[in-house]
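Chain by chain, the residues:
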Amino acid sequence: VQLQASGGGLVQPGGSLRLSCEALRRTSGLAMGWFRQAPGKEREFVAGMNWSGSIKYNGDAVKGRFTLSRDSAKNTVSLQMNSLKPEDTAVYYCAAGRGLIFSSLSQAVNYDYWGQGTQVTVSS
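Visitor: Can you walk me through the sheet that holds strand E7 (residues 66–71) in this structure?
Guide: Pairing between the strands of a sheet comes from backbone hydrogen bonds, and it takes one of two forms, parallel or antiparallel. Within the open sheet, the 4 strands sit side by side as E1-E3-E8-E7. Their pairing is antiparallel. Edge positions in the sheet fall to strand E1 (3–6) and E7, since each has one partner strand and no second. The mean angle between the axes of side-by-side strands here comes to 15 degrees, regardless of whether they run parallel or antiparallel. As defined by bridge partners, strand E3 (residues 17–23) adjoins strand E8 (residues 76–81) across 6 bridges and the pair is classed as antiparallel. From the neighbouring strand, Leu 19 faces E8, where its bridge partner is Leu 79.

Visitor: I would appreciate a short explanation of the nonpolar core in the present structure.
Guide: If you look at the biggest cluster of nonpolar residues, it comprises 27 residues, and the most contacted ones within it are Trp 34, Val 46, Phe 66, Leu 79, Met 81 and Tyr 92. Beyond its immediate sequence surroundings of up to four residues, Val 46 is in contact with Trp 34, Phe 35, Arg 36, Tyr 57, Asn 58, Gly 59, Val 62, Phe 66, Leu 79 and Tyr 92. Formed by 8 residues, the second largest nonpolar core is a distinct cluster that contains Ala 31, Phe 45, Leu 100 and Leu 105.

Analysis parameters
Residues numbered from 1 in each chain as written. Predicted model: local features only at pLDDT ≥ 70, side-chain atom pairs only at ≥ 80, totals over all residues. Heavy atoms only, no water. Pairing = 2+ DSSP bridges. Helix = DSSP H or I, 4+ residues; strand = E, 2+ residues; numbered from the N terminus. Axes fitted to C-alpha atoms, helices over the stretch in contact; angles between N-to-C directions. Core = buried A, V, L, I, M, F, W, Y, C linked by side-chain atoms within 4.5 Å. Buried < 20%, exposed > 50% of the residue type's maximum accessible area, 1.4 Å probe, protein only. Contact = heavy atoms within 4.5 Å.

Written out as structure tokens, the structure is:
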């Protein structure tokens, strides 16, 4: 499965961005997730959902601010990011994997497919 992430950019603190991850084929049956990596830091889980979208799981750093949604007809997963902070600055990666639910969604090693990443910079 080839994934293409887009929507990154420069935004001021408190602003919003919407990231999209488009799969080049159907992603039915696949869990989808977003991770991020800032310079000098380890890859961090942002948000994930199971194959049906009935189970969503957010990282502690983004709870209440980021929302994950899925449009199966368009093979697209979106990450709406609100109330952005400078510490949200990172390269954001979307990923897909099979059979993931609950805490397994937060482990990067469980994902089989990865997009190329999109840069998000939060700065005044």
